[in-house]
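# An overview of the molecular structure
In case you want the letters, here they are:
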Amino acid sequence: MPVKVAEEWLNACAGCEISILNIGDALLGLLPELDFVHIPVLIDKKYYGQLGDQKSMEIPEAVVGIVTGGVRNEEHKHVLEEMRKKTQILIALGSCAAYGGIPSHANMFQNEEIFTKVFRESPSTDAAPDPQHANVPRWTDSCKALDEVVKVDITIPGCPPHPDWIVEAITALLEGKTSWSLPERSVCDTCPVIREEKSVDGSVKRLFENVEFDPEQGLDKMRCINEQGFLCLGPVTLAGCAGKSGTPRCVQARTPCRGCFGPIRKGARPMVDMMGAMTSVGLDPKTVVDRRAIMNRYIGGHGNLRPLPARPAR
Ligand code: SF4
Ligand code: SF4
Ligand code: SF4
């Protein structure tokens, strides 16, 4: 009998759902085993009945729940809590769900600061005096990863996650396992470039110029991007973005890793570790502009990015 699956998207862009579709041919093999009983991104869904006449939210029970996106407002929180109640195994799919993702950059600011900057003083749209009073769900105090709100059983990180890992995790569940995770190794562990453990000239550059490489040569003939002086978050980022084929996707395109797969292990402090990795090759982390935001780019949940203290008025 097919396994019932419920899927939800919260503070999400749908890129994670595209990754499910990108499974390709293997999806045809999986679909007879799965019964999608709830998936609003594909099927019209009214939470309170088609006519809005139900008193409580309607999410059907399922064995597996998949949730993409983090929690940014009270509606997301309510939907997530309902998904947790109605499903036996909850999967956080993608880095927004796992760590807050790109939207959690907002955690560097208080909500009031954002409202003022983006709504009340917006130079490009009609002003909205206080979006919290409008007829929309209220914001939560910060943009959260799912496990800051409910228990999560399986995390498939990535922005977007690679289809190989979605297949692997779902196959593990169909085989009766209740957990799955990527091995704890870094993007650097899967990167074939030349490393000499020291930077080329000790300077940290912004990506206003290209990484040096010979287009006629393979990656194994290119010098490590970090050692070239461009900030590459490979040392502190979980490997897996290229799926089972290995070589990190951004490095394949001769650009630095930006950290989209998140930390190598739970509880890691990527910013501290990255500063150590830079120092070890002779680069001064203090010369990186906006290093707090850049090194925590995908992981603003879990308290990794907190509002900066208010500056005294001049
Ligand atoms: S993890 Fe990336 S692809 Fe997935 S919802 Fe977030 S921004 Fe979109
Ligand atoms: S720092 Fe970047 S380029 Fe260097 S080995 Fe790691 S992933 Fe590859
Ligand atoms: S190289 Fe880094 S930023 Fe690029 S896809 Fe892989 S994990 Fe994500």
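What comes next is a walk through the structure. These figures come from a predicted structure and were not determined experimentally.

Once that is clear, we can look at unusual backbone geometry. At the junction of Cys159 and Pro160, the peptide bond is cis and its omega measures out at 0° in the coordinates. By secondary structure assignment, the location of Pro160 is in the loop between strand 7 (154-156) and helix 6 (163-174). Even without being glycine, Glu197 reaches a positive phi, approximately 65°. In this fold, Glu197 is placed in the loop between helix 6 and helix 7 (249-252). Under the relative-accessibility criterion, Glu197 is labelled exposed at 56%. Of note, the phi angle at Asp290 is positive, near 60°, even though the residue is not glycine.

As for its placement among the helices and strands, Glu8 is situated in strand 1 (residues 3-9). One buried charged residue, Glu8, forms no salt bridge at all, with the nearest opposite charge on Lys45 at 7.6 Å. Engagement of the side chain of Glu8 in a polar contact is seen with the side chain of His38, the distance being 2.8 Å. Within the local environment of Glu8, its side chain forms a polar contact with the side chain of Tyr47, the two groups lying 2.8 Å apart. Dropping the residues within four chain positions of it, Glu8 is found in contact with Glu17, His38, Pro40, Tyr47, Ile59, Ile66, Val67, Thr68, Val79 and Met83.

Core analysis: the largest hydrophobic core is formed by 28 residues, its most contacted members being Ile91, Leu93, Ile154, Ile156, Trp180 and Phe261. Ranked by residue count, the leading element in this core is helix 6, at six residues. With sequence-adjacent residues up to four places away left out, Ile91 is seen in contact with Val64, Gly65, Ile66, Val67, Ile154, Ile156 and Leu173. By size, the runner-up hydrophobic cluster in this structure holds 21 residues, among which are Ile225, Cys257, Leu283 and Val288.

Calculation criteria
- Residues numbered from 1 in each chain as written.
- Chains lettered and ligands numbered in written order.
- Predicted model: local features only at pLDDT ≥ 70, side-chain atom pairs only at ≥ 80, totals over all residues.
- Heavy atoms only, no water.
- Helix = DSSP H or I, 4+ residues; strand = E, 2+ residues; numbered from the N terminus.
- Buried < 20%, exposed > 50% of the residue type's maximum accessible area, 1.4 Å probe, protein only.
- Lys, Arg positive; Asp, Glu negative; His and termini not counted.
- Salt bridge = Lys/Arg side-chain N within 4 Å of Asp/Glu carboxyl O.
- Polar contact = N/O pair within 3.5 Å; in protein donor to acceptor, adjacent residues only side chain to side chain.
- Contact = heavy atoms within 4.5 Å.
- Core = buried A, V, L, I, M, F, W, Y, C linked by side-chain atoms within 4.5 Å.

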